[in-house]
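One letter stands for each residue in the lines below.
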Amino acid sequence: MVPLTVVYSRAQREGNRKPGLLHAHGAYGEMLDKRWLSELKSLLGRGWVLAYADVRSVPSSLSLKKMICILQRWRWKRKEVAQRNYNSVKDYIHCAKFLVENNIVQENKLAGRGYSAGGLVVTSAINHCPDLFQSAV
């Protein structure tokens, strides 16, 4: 189970053509910032569904300096960190499939959005499932 927050306009709830924007952060164990952004209001008014995927990530106890040190000294740790990063991508893909399979978002109208390490999660997800996403921001 991946925590997924979905926001949409009540007026557009029953519409057939629901485009969606799935947002991810996925870095250093931080929670996804879900503060309201005024630019998203126009998307809601036009029937978009906004979703926020709280994907698993590398824990914050591993600072960048520690991660570099670990990666340089222990090869087995590299596999552990890489697996955690891949978990983020898998979680993001599961959230995208959930939105489409449950008709929350129309199948061919899903876009990905991410910043910082979330951008890496989004682009990796698009590389794994190119038919699932139509664009990325």
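Quick note: structure is the one above.
Here is what the cut-offs are and how they apply
Residues numbered from 1 in each chain as written. Predicted model: local features only at pLDDT ≥ 70, side-chain atom pairs only at ≥ 80, totals over all residues. Heavy atoms only, no water. Helix = DSSP H or I, 4+ residues; strand = E, 2+ residues; numbered from the N terminus. Buried < 20%, exposed > 50% of the residue type's maximum accessible area, 1.4 Å probe, protein only. Contact = heavy atoms within 4.5 Å. Areas by Shrake-Rupley, 256 points an atom, 1.4 Å probe, with all protein chains shown as cover. Pairing = 2+ DSSP bridges. Axes fitted to C-alpha atoms, helices over the stretch in contact; angles between N-to-C directions.

A. The arrangement of the overall build of the chain in detail. On a plain count of helices and strands, the chain comes out with 4 helices and 5 strands. The N-to-C order of helical and strand elements in the chain reads β-β-α-β-α-α-β-α-β. The buried share among the 137 residues of the chain stands at 39%. The long-range fraction of contacts in the chain, counting pairs at least 24 apart against all pairs at least 6 apart in sequence, stands at 76%. Surface accessibility of the chain: about 8,700 Å² in total, with carbon and sulfur atoms responsible for 52%.

B. Representation of the sheet that holds strand S5 (residues 135-136) in the model. Read across the sheet, 5 strands follow the order S1-S3-S2-S4-S5 without closing on themselves; strand pairing throughout is mixed. Looking at which strands have only one partner, the edges of the open sheet turn out to be strand S1 (4-7) and S5. Here strand S4 (residues 110-114) pairs with S5 via 2 bridges, running parallel. Across the sheet, the residue bridging to Ala-111 is Ser-135, located in S5. Helix H4 (residues 117-128) rests against strand S2 (20-24), S4 and S5 of the sheet, and its axis sits at about 150 degrees to S4.

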